[in-house]
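So the chains spell out like this:
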Amino acid sequence: MQANIVFASLTGNNEEVAEIVQRQLDAQGVTTTLTEMSQADAEDLTDGDIAVIVPYTYGEGDLPEEGLDFFEDLLDTDLSGVVFGVAGSGDSWYGDDYCKAVTEFDQQLAQAGATRGAQPLFVDLRPDDDDEPRLAAFTQSLMTAIAKRA
Ligand SMILES: Cc1cc2nc3c(=O)[nH]c(=O)nc-3n(C[C@H](O)[C@H](O)[C@H](O)COP(=O)(O)O)c2cc1C
């Protein structure tokens, strides 16, 4: 079982979220690859069973700028064999724009034909002790979806 985790992070919060998910998947015996979004290639996701995207939200509900190419390329990639989940940190102060990049990546991956294995998960700023079990449930949901697919 192989998982690609792609994150975008300016101040470290989403990198932490990505590392928590990586730890949790590793503990389930999944082989994981962690890639910063500006270095990621949408096509690489087709090599794995699971894709986890961890974006920050900027501006007013904007996607990470360094991830725009990656985001657009997803639609040109056949992700029909891939189970995905999107989790990310934003700031709830932004109201309707809270973690909008998470919602947008979730919709983009579904449109690219990937299978949603977990509901999009929002983390408010730096992940804390309460977020660990929420992320564990997210990871577990991905594992359940993979088991169903097999
Ligand atoms: C200029 C600016 C704009 C932001 N806009 C949003 C936003 O629209 N929605 C949101 O949820 N968070 C917004 N944030 C908050 C960041 O997404 C949040 O701090 C996040 O944890 C940063 O992740 P990082 O540490 O991985 O870079 C904004 C932050 C800054 C500095």
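Small disclaimer: the values here were computed from a predicted structure and weren't measured. (Residues numbered from 1 in each chain as written. Predicted model: local features only at pLDDT ≥ 70, side-chain atom pairs only at ≥ 80, totals over all residues. Heavy atoms only, no water.)

### Remarks on the site of the ligand
Around the ligand there are 20 residues in total, and S9, L10, T11, T57 and S89 lie nearest to it. Measuring from an oxygen atom of the ligand, one finds a side-chain N or O atom of T11 at 2.4 Å. One of the backbone nitrogen or oxygen atoms of N13 is found 2.8 Å away from an oxygen atom of the ligand. The fraction of the free accessible surface of the ligand (640 Å²) that becomes covered by protein chains is 82%. Structurally, the ligand is housed in the largest pocket. (Near = heavy atom within 4 Å. Polar contact = N/O pair within 3.5 Å; in protein donor to acceptor, adjacent residues only side chain to side chain. Areas by Shrake-Rupley, 256 points an atom, 1.4 Å probe, with all protein chains shown as cover. 1 Å grid on protein atoms, 1.4 Å probe; cavity = no way out; pocket = protein on both sides within 12 Å on 5 of 7 lines; lining within 4 Å. Sits in = over half its atoms within 2 Å of the grid points.)

### Quick word on the packing of aromatic side chains
Taken as a whole, this structure holds five aromatic pairs when the rule is applied. Ring geometry for Y56 against Y58: centres 5.8 Å apart, planes inclined by 85°, an arrangement best described as edge-to-face. Taken together, a centroid distance of 5.1 Å and an interplanar angle of 85° make the contact between W93 and Y94 edge-to-face. Relative accessible area serves as the criterion here: at 40%, Y94 is assigned to the partly exposed category. Members of the aromatic cluster, each reached through a chain of ring pairs, are F70, F71 and F105. (Phe/Tyr/Trp six-rings, centres within 6.5 Å; stacked < 30°, edge-to-face > 60°. Buried < 20%, exposed > 50% of the residue type's maximum accessible area, 1.4 Å probe, protein only.)

### Overview of the layout of surface pockets
The space that makes up the largest pocket amounts to roughly 320 Å³. Lining the largest pocket we find 19 residues, and of these Y56, T57, Y58, G90 and D91 sit closest to its centre. At the level of secondary structure, the elements contributing two or more residues to the lining of the largest pocket comprise helix 1 (13–27) and strand 4 (83–90). In the lining of the largest pocket, the residues fall into seven nonpolar, 10 polar and two charged. (Points joined across faces, edges and corners; volume = space filled by probe spheres on them. Helix = DSSP H or I, 4+ residues; strand = E, 2+ residues; numbered from the N terminus. Nonpolar A, V, L, I, M, F, W, Y, C, P; charged D, E, K, R; others polar.)

### Overview of the packing of helix 1 against helix 4 (residues 131–149)
One can describe the packing of helix 1 onto helix 4 by two numbers: an axis separation of 10 Å at closest approach and a directional angle of 55°. Classed by the angle they form, the pair helix 1 and helix 4 counts as oblique. The crossing of helix 1 and helix 4 is right-handed. Residues V17, I20, V21, R23, Q24 and L25 of helix 1 touch helix 4, and the partners they reach there are E132, L135, A136, T139 and M143. Along the lines of polarity and charge, the residues of the contact of helix 1 with helix 4 split into seven nonpolar, two polar and two charged. (Axes fitted to C-alpha atoms, helices over the stretch in contact; angles between N-to-C directions. Parallel < 35°, antiparallel > 145°, perpendicular 65-115°, else oblique. Left-handed = near helix turned anticlockwise from the far one by under 90°. Contact = heavy atoms within 4.5 Å.)

### Some points on the pairing of strand 3 (residues 50–54)
The element strand 3 is extensively covered by neighbouring structure, given that five of its five residues are classed as buried. Residue alternation in strand 3 divides its side chains into two sets, I50, V52 and V54 and A51 and I53, and both sets are buried. Relative to strand 4, strand 3 runs parallel, the two being bridged by four bridges. Each bridged residue has a counterpart across the sheet, and for I53 the counterpart in strand 4 is V86. Of the crossover connections in this fold, the one passing from strand 3 over helix 2 (residues 68–74) to the parallel strand 4 is right-handed. (Pairing = 2+ DSSP bridges. Right-handed = clockwise from strand over helix to strand, strands pointing away.)

### Some details on the pairing of strand 6 (residues 121–124)
Residues L121 and V123 point to one face of strand 6 and are all buried, whereas F122 and D124, pointing to the other face, are not buried. Sheet analysis places strand 4 next to strand 6, joined by four bridges and oriented parallel. Its bridge partner lying in strand 6, G90 is registered against D124.

### Examining helix 1
Look at helix 1: 21 Å from first C-alpha to last across 15 residues, which is about the 21 Å you get at 1.5 Å a residue. Within helix 1, the full set of buried residues consists of N13, N14, V17, A18, I20, V21, Q22, Q24 and L25. For helix 1, the elements touching its buried residues are strand 1 (2–7), strand 2 (31–36), strand 3, strand 4, strand 6 and helix 4. Positive phi appears at G29, one or two residues downstream of helix 1, with a value of about 85°. (Expected span 1.5 Å × (residues − 1).)

Just distances and angles here, no functional claims.
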